[in-house]
Each structure stands twice: as C-alpha cells, then as structure tokens.
Amino acid sequence: MIKHNRLSSEQYAENFSDIHPPYENSTAAKVDANRCLFCYDAPCMKSCPTSIDVPKFIKQIATENIKGSAKTIFSSNIMGAGCSKVCPVEKLCEGACVYNLLEEEPIPIAKLQRYSTEMAMKENWQLFQRKNSTGKKVAIVGAGPAGLSCAHVLSREGIDVTIYEKESKGGGLMTYGIAAYKVTPQFCEDEVNYITSIGGIEIKYNQELGNDISLAELKRNYDAVYLGIGVGVARQLEIPGEKLEGVVDAIEFIYDIRSKGYASVPVGDKVAVIGMGMTAIDAATQAKRLGAKEVTMLYRRTEAEMPCTKHELDIAMLDGCEVIWLAAPQKIKGSAGKVKQLVCSKMKLGEPDASGRRSPVDTGETFTLDVDMIIKAAGQTPYEKLIKKLNIQHSKFKITIENCATNIRGVFAGGDAVNGGKEVVDAVQAGKDGAAAILKFLKLC
Ligand code: SF4
C-alpha cells in the first residue's frame, strides 16, 4: 500500500543523515593532506571538469592555510562545497589519484575539499572582490549550477546579473534533484547565499521563462542572456498502464522529498525503480529510507553497462535494494486504477549500439513482479516545447563550442540544457565557459 508518514521523526533523521561525515578535527584533515604526493601534472586535477588545482589546495591544508585552500577551490569551482558532496569522485579525481596504481587508498580529495570550503562558508570568508561596475547587465535563466557559476564569474568582472528562477529556491538539481542524505536542503540554501554574497547578483524567484518572462523581454532589457535551464521532463516508458496511480517520475519523487519533507511523501510497500543512473539510485535508496519494505531496481543491460558508479550501486545494495539485470518493463497491470504488477521482458546483450555499449535484445521471455509503486528513472528529455516557443532551432540547445552562443545573437546557453544532463561539476564548468563567451561578446576581455 502506498502511504506517507511511515517512520518516526527520529528514524527519518537517522535515515537521511549525512552519508559522508566531515573530519572531526583539523589534525585528521592534516594527516590525510600530508599523504598527498603533490604530483607534478597531477592526474586528479586533469580529471576534474573544472580543473581544480588539487595538489595546491591539499598543500594549503597541510600548511594550515585553509583560507588559501578554499580560494584555490572556489577560483575553479564556486560550487566546490556542494561538489565535494555530490561528485562521483570515484570516476573523477579520486579515481585518477596515483595511489590507485599503488593499490592503496586514494587521497580523500572530496573530504579535504569539503573541509576547507565548508569552513569558508561557515566563517563567511569573502575571497573574491568585484571589479568596478562596467555598467553592463546580464540576465541568466536558471539558478542551478550553470547559472550560478556563470553569474559569479560575471559579477567578479563588474557586471550586474539578474537570475530568473522558476522555483522558490536556487541551486537547481543540487537543491531539488539529489538525495537528501548527500546534501541537505539547508546546505543548498547556504551555498546559494554564499555564492551571491559577492554582490551584484539578484535572484528573482518563481519566474518561469515562457510564462512569467519572455526571451524578447530579456533581450530588450539586458546586454546578454544566458540560458541555464537544465534538462526537462522525465522520459516516459511508453508502455501500457503508465498512467495508473502509483507510477511516478523519479525526479518528481526526489523533488517532493526535498521540498515537502520526508513524512509527507508517500511510498509503497513494494517499489520497482526503472533505470540505473544516479537519479534511479537516489530514488531507490530514498524510497527504502522512507520506509518501503522492498525496492527492486530494473535495468535492461548488465552491471558492466550501468550509468551509475559502482560506489552508487553499493549504496543501494547496502540499503537493501535488489537489482534485476537484463530486464525491461513491458506493461503495468493494475486494478481499481492502482498499480498491482509490473510485467518485464527478459533481455540479453546484442551488438554495441551508437553509445558503444552492447544493446539489450528481447529474448521473448517475461516475468512478473508484484508491486504497488513504480518509479521511472529512464532519463530526461529536453524542454522541447519551451525551446520551440523561444524560436531556438533545436530540440535541445545546440551551441557553438567556441562561444557557447545559440542561433540568437546575444543569447548564450550551457549546462544540462545543452549537454542533455551530466554532473553538477560539468554544469559549473559550462557556466564558466558561458561567462567567458559573454565577456568576449561584451568586449570586456
Ligand atoms: Fe595527491 Fe593523488 Fe592528486 Fe597525486 S594524484 S596530487 S597523490 S591527490
């Protein structure tokens, strides 16, 4: 049965407490920092999409220059605090650390990064100063990682930025689309406030492009516009029974947990989660932590092809989620309008497809799961309608790589809206690239 308020407030608090606890004291951080080999041409730095100078910031921690360390991180990634909690570091910096080659534990780069950036936020260290005003104004649509990162660079250069955000809080996917045990809603709010504390950035909330504001209006009132609107709606399964009560989108499910509170979000006894990306993992683990008795994840390929990392999968397994590999949803059966069963096709792997991964092929055999809730996490599709309305020529924004420009002069775009949905850290870099392109367009560099 689907119901909310399954657990006590103490149980919710325990289930959603921080999955990666911070250092208990500065000595522990220094011990880890002193293990770093401060490699020349460091592979950890190269594998960071924002190119944080990892050996430099770790050296600064080792020498007790925490302010300097935070500045090194924020200079490359203004969301360095949030990224230290949500980045899949096992496939980025920590995965590239040379200690892996020695078959030893890599340096806990994320934990060290969190150490200095959280201290900077807590102490409200102002590490950047705005240049004198240039008199230029830029509008940014979306207060997610791409928009905030773009805004911070532009503000540093003396540009006045106004961000239009359709939600009532900033942070984008960080605030609304990631498991609450990785980043709390309070942390996300603090991070947005810290970023905007540089000045020159105003966020106007509950302002949706296409409804409350138009692109024409923004173009008229600003010297340039940056669109960092993220990816759009959840991809539908296109199978019978999808409209039955109890079938929900993962993004909406996670959004509700983040915005309404744990006790208000209904969850089933037997939940099936379709997909094996990070959003699927976040939905499955949180369903379990909300009190679901059984959570089964279904993926049409095998572990070798799954989009989430092994670390993420381990979290789901430790939470008691089951995984059925080589299974694709075929139809959903219900009674009295509610979900009762999920019929799945058994798949096998065929030839590699366009993505380079072996494609799933239907064996013709099926199996049936008794479920009372199905969470769909099969990816997202871009805001096609919105983009058509804006008269931008593609189903998702195509930008020229060199200048992040759309086909409309003075309108730039970046982040998930362009790349189709990557990590937070990729969106931060996209925001920096967008800001650089806008500065060039405005002849300010
Ligand atoms: Fe330090 Fe590892 Fe980076 Fe080398 S690769 S600089 S040891 S964190």
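Residues numbered from 1 in each chain as written. Predicted model: local features only at pLDDT ≥ 70, side-chain atom pairs only at ≥ 80, totals over all residues. Heavy atoms only, no water.

J.: When you look at the site of the ligand in this model, what are you seeing that I'm missing?
T.: Around the ligand, a shell composed of C36, L37, F38, C39, P43, C44, P55, C97, V98, I107 and I109 is seen. Classifying every residue of the shell around the ligand by side-chain character gives 11 nonpolar, no polar and no charged. (Near = heavy atom within 4 Å. Nonpolar A, V, L, I, M, F, W, Y, C, P; charged D, E, K, R; others polar.)

J.: Explain helix α4 (residues 54-62) to me, please; I cannot follow it from the model alone.
T.: Turn by turn, an α-helix covers 3.6 residues, leaving residues three or four places apart pointing in a common direction. Counting buried residues along α4, 7 of its 9 residues qualify, which places the element largely inside the surrounding structure. Within α4, the full set of buried residues consists of V54, P55, F57, I58, Q60, I61 and A62. Packed against the buried residues of α4 are α2 (26-35), α3 (43-46), α5 (66-76) and α8 (109-123). The first or second residue beyond α4 is E64, which carries a positive phi of 65 degrees. (Buried < 20%, exposed > 50% of the residue type's maximum accessible area, 1.4 Å probe, protein only. Helix = DSSP H or I, 4+ residues; strand = E, 2+ residues; numbered from the N terminus. Contact = heavy atoms within 4.5 Å.)

J.: Is there a simple way to think about the domain arrangement of the protein in this case?
T.: Interfaces are often sized by the amount of accessible area the parts lose when they come together. By domain assignment, the protein separates into domain 1 (21-123), domain 2 (137-231 + 382-441) and domain 3 (236-379). Each of domain 1 and domain 2 has a C-alpha centre, and these two points are 27 Å apart. Contacts between the two partners involve 22 residues from domain 1 and, on the opposite side, 21 residues from domain 2. For the domain 1 and domain 2 pair, buried surface summed over both sides reaches about 1,800 Å², with 75% attributable to carbon and sulfur atoms. Its largest share of buried area at the contact with domain 2, domain 1 owes to I78, M79 and M121, together 38% of the area lost on that side. At the junction of domain 1 with domain 2, the criterion picks out 1 salt bridge. For E423, the salt bridge identified is with K91, shortest N-O distance 3.5 Å. In this structure, the connection of domain 1 to domain 2 is made through 3 residue pairs in polar contact (both at pLDDT 80 or more). Those elements giving two or more residues to the side of domain 1 that touches domain 2 turn out to be α5, α6 (80-86) and α8. By residue number, the principal contributor to the side of domain 1 that touches domain 2 is α6, which donates 6 residues. (Domains from an automatic or database assignment. Buried area = accessible area lost by both parts, 1.4 Å probe. Salt bridge = Lys/Arg side-chain N within 4 Å of Asp/Glu carboxyl O. Polar contact = N/O pair within 3.5 Å; in protein donor to acceptor, adjacent residues only side chain to side chain.)

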